[in-house]
Amino acid sequence: MAASPTHRVRIGMIGGGEGAFIGEVHRLAAALDGAVELVCGSFSRTADNNQRTGARLGLAADRIHADWQALLEDERQRPAEERMEAVVIVTPNHLHVPIAIAALQAGFHVLSEKPAALSLAQAQELKQVIESSQRLYGLAHIYLCYPLVWQAREMIRQGQLGALRKIHVTYSQGWLGDGAATEGNKQAAWRTDPALAGASGCMADIGTHAFGLAEFVSGHTVNALCAALGTHVEGRRLDDDGDVLLRTAEGATGVLSASQISTGEENSLEIRIHGELGALEWRQMEPNSLIHRELNAPLRVLRAGIDQPSLCDEAKRRSRLPGGHPEGYLEALANLYRDFAAAVRRGDSGTAEGVPGILQGVRGMAFIEAVIASQKSELKWTPLAADSQV
């Protein structure tokens with residue numbers, strides 16, 4: 001049933017205790033529009049960390065739970081006007097599916113960090129549960145929520161680039177270049193542990209962001225790839241670098257590169273798409289500019305802002321300030337929370353309008369499994385699973 005069109009959606013959070021980067025980011029973004037209210041949480045397996053985090057966030061003692069199972073059971077039994085409506089999952093990867101399935105089956109909406117699962121089979125199982133639950137599922141592909149990403153997508157949909165020929169997307173970081181996983185860095189440690197991160201390291205962590213961005217903006221479906229993965233830090237058990245050739249069902253070719261050992265890089269996600277009539281270029285570290293190159297015409301730069309007449313409606317809706325006032329990562333994630341909360345209020349199920357969902361999750365896992373298969377194979381091209389097509 002649809003709730004009040006104006007109430008703050010009550011959320012609980014699993015993961016995100018002291019020392020965890022992404023949980024705090026989610027809380028800051030969620031607060032930006034006042035669309036949601038954090039009412040409970042299970043933030044850490046370490047009791048002191050869990051209690052400190054909950055207390056710092058102003059939660060009542062009986063809404064700070066020792067583990068995620070206790071949180072779901074307690075919230076399920078509370079009065080409807082008091083219990084959480086959606087749970088936010090910001091744990092290491094191996095817990096995403098177990099928590100999501102349990103929460104959906106308990107009657108709660110789910111907003112999960114990516115990747116959706118540890119395997120394609122897991123993601124497809126989760127998809128079935130979502131479809132039968134009549135609840136919402138959102139996936140935190142934050143980079144798909146920037147205004148100018150939507151602008152680029154709309155320009156391509158309108159044919160301003162003509163038939164697409166080349167997709168080039170890179171995501172470069174340097175933070176895992178010095179063996180930090182063995183030096184007490186918890187964020188590095190779980191991302192390089194197959195039991196917690198899954199079968200891939202760098203490609204699952206940031207390569208899926210690049211892949212999702214490429215398909216979302218271009219509107220193309222990658223149907224085959226050729227991949228080479230690398231592990232550059234001695235003793236590391238998962239990839240920390242990789243390059244992938246791409247082919248799409250619509251006839252474009254491309255290159256995807258992801259690295260977490262590129263010395264000196266911070267968080268450099270970039271996409272360039274070339275068509276027969278022009279090209280577009282967007283960089284996450286300079287997110288308020290979209291470069292448009294037209295055939296036989298001067299280069300132009302589109303700028304983010306609610307007052308920019310050249311932007312499409314979807315880009316303007318995701319802008320909050322007039323041009324020249326920088327917006328970035330927190331605002332993009334806040335866009336996701338705003339759209340997800342609106343869908344909860346409407347009583348929607350499945351996928352919230354404007355929010356990445358399980359289809360992106362399935363595609364991401366199909367990409368990872370094809371990359372791993374390609375790395376192991378002597379064949380030049382490896383197809384993506386046919387049942388992952390959207």
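Coordinates for the structure precede this section.
The sections below set out a description of the structure shown in this document. Being a predicted model, the structure only gives us computed values, none of them experimental.

### Some remarks on the side chain of glutamate 75
- Note on placement: glutamate 75 falls in helix H3 (residues 68–77).
- When near neighbours in sequence (up to four residues on either side) are disregarded, glutamate 75 contacts Cys40, Arg63, His65, Arg83, Met84 and Phe108.

### Regarding the environment of methionine 84
- Of note, methionine 84 is situated in the loop between H3 and strand S3 (86–90).
- With 123 residues separating them along the chain, methionine 84 and glycine 207 place their C-alpha atoms 33 Å apart.
- Ignoring any residue separated from it by four or fewer positions in sequence, one finds methionine 84 in contact with Arg10, Ile11, Gly12, Val39, Cys40, Arg63, Leu71, Leu72, Glu75 and Phe108.

### Comments concerning the pattern of salt bridges
- Counted under the stated rule, the structure contains 27 salt bridges.
- Put simply, glutamate 24 and arginine 56 hold a salt bridge, and the shortest N to O gap is 3.5 Å. Residue glutamate 24 is found in helix H1 (residues 21–31), and its partner arginine 56 is found in helix H2 (residues 47–56); the two are separated by 32 residues along the sequence.
- On the basis of relative accessible area, glutamate 24 is assigned to the partly exposed category, the value being 26%.
- The shortest N-O distance in the salt bridge between lysine 114 and aspartate 205 comes to 3.9 Å. With a gap of 91 residues between them, lysine 114 in the loop between strand S4 (109–112) and helix H5 (120–133) and aspartate 205 in helix H9 (residues 202–218) connect regions that are remote in the sequence. Neither residue differs from the other here; lysine 114 and aspartate 205 are each classed as buried.

### Some thoughts on H2
- Within H2, the full set of buried residues consists of Asn49, Asn50, Thr53 and Gly54. Buried residues of H2 fall within an arc of 120° about the axis and therefore sit on the same side. Residues of H2 that are exposed and point over 90 degrees away from its buried face: Ala47, Asp48 and Ala55.
- Elements that come into contact with the buried residues of H2 comprise H1 and strand S2 (36–42).

### Some words on the sheet that holds strand S11 (residues 278–283)
- The nine strands lie next to each other as S13-S12-S11-S10-S6-S9-S8-S7-S14, forming an open sheet whose pairing is mixed. Lying at the two open borders of the sheet, with one neighbouring strand each, are strand S13 (300–303) and strand S14 (382–383).
- In this sheet, strand S9 (residues 253–259) lies alongside strand S8 (residues 241–248) in antiparallel orientation, the contact comprising seven bridges. Within S9, the position partnered with aspartate 241 by the bridge is serine 259.
- Where H9 meets the sheet, its contacts fall on strand S6 (164–172), strand S7 (222–230), S8, S9, strand S10 (268–275) and S11, and the angle it forms with S9 comes to roughly 150°.
- Contacting S7, S8, S9 and S14, helix H12 (residues 358–376) runs over the sheet at an angle of about 55° to S7.

### Some details on the pairing of strand S12 (residues 286–294)
- Where S11 lies against S12, six bridges are found, and the strand directions are antiparallel. Looking at S12, one finds that arginine 283 is bridged to glutamate 286.
- Pairing analysis gives four bridges linking S12 to S13, with the strands arranged antiparallel. For leucine 290, the partnering residue across the bridge sits in S13 and is leucine 302.
- Following S12, the chain reverses through five residues before pairing antiparallel with S13; asparagine 296 in that reversal takes a positive phi of roughly 60°.

### Considering the layout of surface pockets
- Looking at the largest pocket, its volume works out to about 1,200 Å³.
- Lining the largest pocket we find 45 residues, and of these Ala20, Val90, Gln187, Trp190 and Arg191 sit closest to its centre.
- Here the element with the most residues in the lining of the largest pocket is helix H7 (residues 186–191); it accounts for five residues.
- Taken together, the residues of the lining of the largest pocket sort by class into 20 nonpolar, 17 polar and eight charged.

What counts and what doesn't
Residues numbered from 1 in each chain as written. Predicted model: local features only at pLDDT ≥ 70, side-chain atom pairs only at ≥ 80, totals over all residues. Heavy atoms only, no water. Helix = DSSP H or I, 4+ residues; strand = E, 2+ residues; numbered from the N terminus. Contact = heavy atoms within 4.5 Å. Salt bridge = Lys/Arg side-chain N within 4 Å of Asp/Glu carboxyl O. Buried < 20%, exposed > 50% of the residue type's maximum accessible area, 1.4 Å probe, protein only. Arc of directions from axis to C-beta. Pairing = 2+ DSSP bridges. Axes fitted to C-alpha atoms, helices over the stretch in contact; angles between N-to-C directions. 1 Å grid on protein atoms, 1.4 Å probe; cavity = no way out; pocket = protein on both sides within 12 Å on 5 of 7 lines; lining within 4 Å. Points joined across faces, edges and corners; volume = space filled by probe spheres on them. Nonpolar A, V, L, I, M, F, W, Y, C, P; charged D, E, K, R; others polar.

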